[in-house]
Amino acid sequence: MKAHSPQDKRILEIAEPLAETLGLEIVRVRVMGGKKTTVQIMAERHDGTMVVEDCARLSRALSEIFDEADPVSGEYDLEVSSPGIDRPLTALPHFQRWDGFEAKIELDRLVEGRKRFRGMLAGIEDENVLMDLAGEDDTAVIPFDWIADAKLVMTDALVEASLKARGPIEGEDGQADE
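Every chain is numbered on its own, with residues counted from 1 as its sequence reads. In keeping with the model being predicted, local features are shown solely for residues with a pLDDT of at least 70 and side-chain atom pairs are shown and tallied solely at 80 or more, while totals for entire chains, interfaces and linings include all residues. Calculated side-chain values reflect all of the structure's heavy atoms, with hydrogen atoms and water omitted.

Section: the sheet that holds strand β4 (residues 102-111)
Read across the sheet, five strands follow the order β7-β6-β5-β4-β8 without closing on themselves; strand pairing throughout is antiparallel. The two strands at the open ends of the sheet, each matched to only one other strand, are β7 (140-143) and β8 (147-152). Averaged over all neighbouring strand pairs, the angle between strand axes comes to 45°, with direction disregarded. A pair of strands is labelled paired if DSSP reports no fewer than 2 bridges between them. The helix count covers DSSP runs of H or I at least four residues long, the strand count covers runs of E at least two residues long, and both are numbered beginning at the N terminus. As defined by bridge partners, β4 adjoins β8 across five bridges and the pair is classed as antiparallel. The residue of β8 that forms the bridge with Ile-105 is Ala-150. Between N-to-C directions, angles cover 0 to 180 degrees, with each direction set by a line fitted to C-alpha atoms, over the stretch in contact for helices.

Examining unusual backbone geometry
One non-glycine residue with positive phi stands out, namely Glu-112, at about 50°. The topology assignment puts Glu-112 in the loop between β4 and β5 (114-125). Buried, partly exposed and exposed residues are distinguished by accessible area as a fraction of the type maximum, computed with a 1.4 Å probe on protein chains only: under 20%, between the cut-offs, and over 50%, respectively. A residue is classified by how much of its surface remains accessible, and Glu-112, at 76% relative accessible area, is exposed.

Here we look at the nonpolar core
Each nonpolar core is a collection of buried residues, namely Ala, Val, Leu, Ile, Met, Phe, Trp, Tyr and Cys, held together in the definition by side-chain atoms within 4.5 Å. The biggest cluster of nonpolar side chains holds 21 residues, and the ones touching the most others in it are Ile-11, Ile-26, Ile-41, Leu-58, Leu-62 and Phe-66. Broken down by secondary-structure element, the contributors of at least two residues to this core are α1 (6-21), β1 (24-32), β2 (37-45) and α2 (52-69). In terms of residues, this core owes the most to one element, α1, which gives six residues. When sequence neighbours within four positions are dropped, the list of residues in contact with Ile-26 reads Lys-2, Leu-12, Ala-15, Glu-16, Ala-19, Ile-41, Met-42, Ala-43 and Leu-58. Counting 20 residues, the second-largest nonpolar core is a separate cluster that includes Trp-98, Phe-101, Leu-152 and Leu-158. The criterion used for residue contact is that any of the two residues' heavy atoms lie within 4.5 Å.

Functional significance is not addressed by these values, which are geometric in nature.
Written out as structure tokens, the structure reads:
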């Protein structure tokens, strides 16, 4: 799920080892068309954080490698960012890390007449994502390989957890704001 198209996968193959050397994990790669092609790469540190300096380091390093490997024909813009608060969930450990938070999951097949599910993440078990769905007594067991797309839902609890993880914000005087 980190990459969908063959071109996305090729870029991931190039970017992932480089990101690892910088202490980062690639969360998602997308090549998007339009007036000008954009290569969007979301990344984060292994603890789930990401700062502007990390984005800049990864962007510079990728630019050098992409100039040589030429994974995208023609001109393109490289966009390196953090996954954000309502982030995509693209690897099995992401579902464990965000246990207890609300998520939307879209499957690549119909299950009980539907492909889209929304509920509270309840961890992982083997290669399955566990999710508590509204109105259901039992926890849903969803094979990770069936997931086409997944992301966290923006909620007050998610915002609060994200702010807490970032720690205090420093004010202009260099002191942490209370």
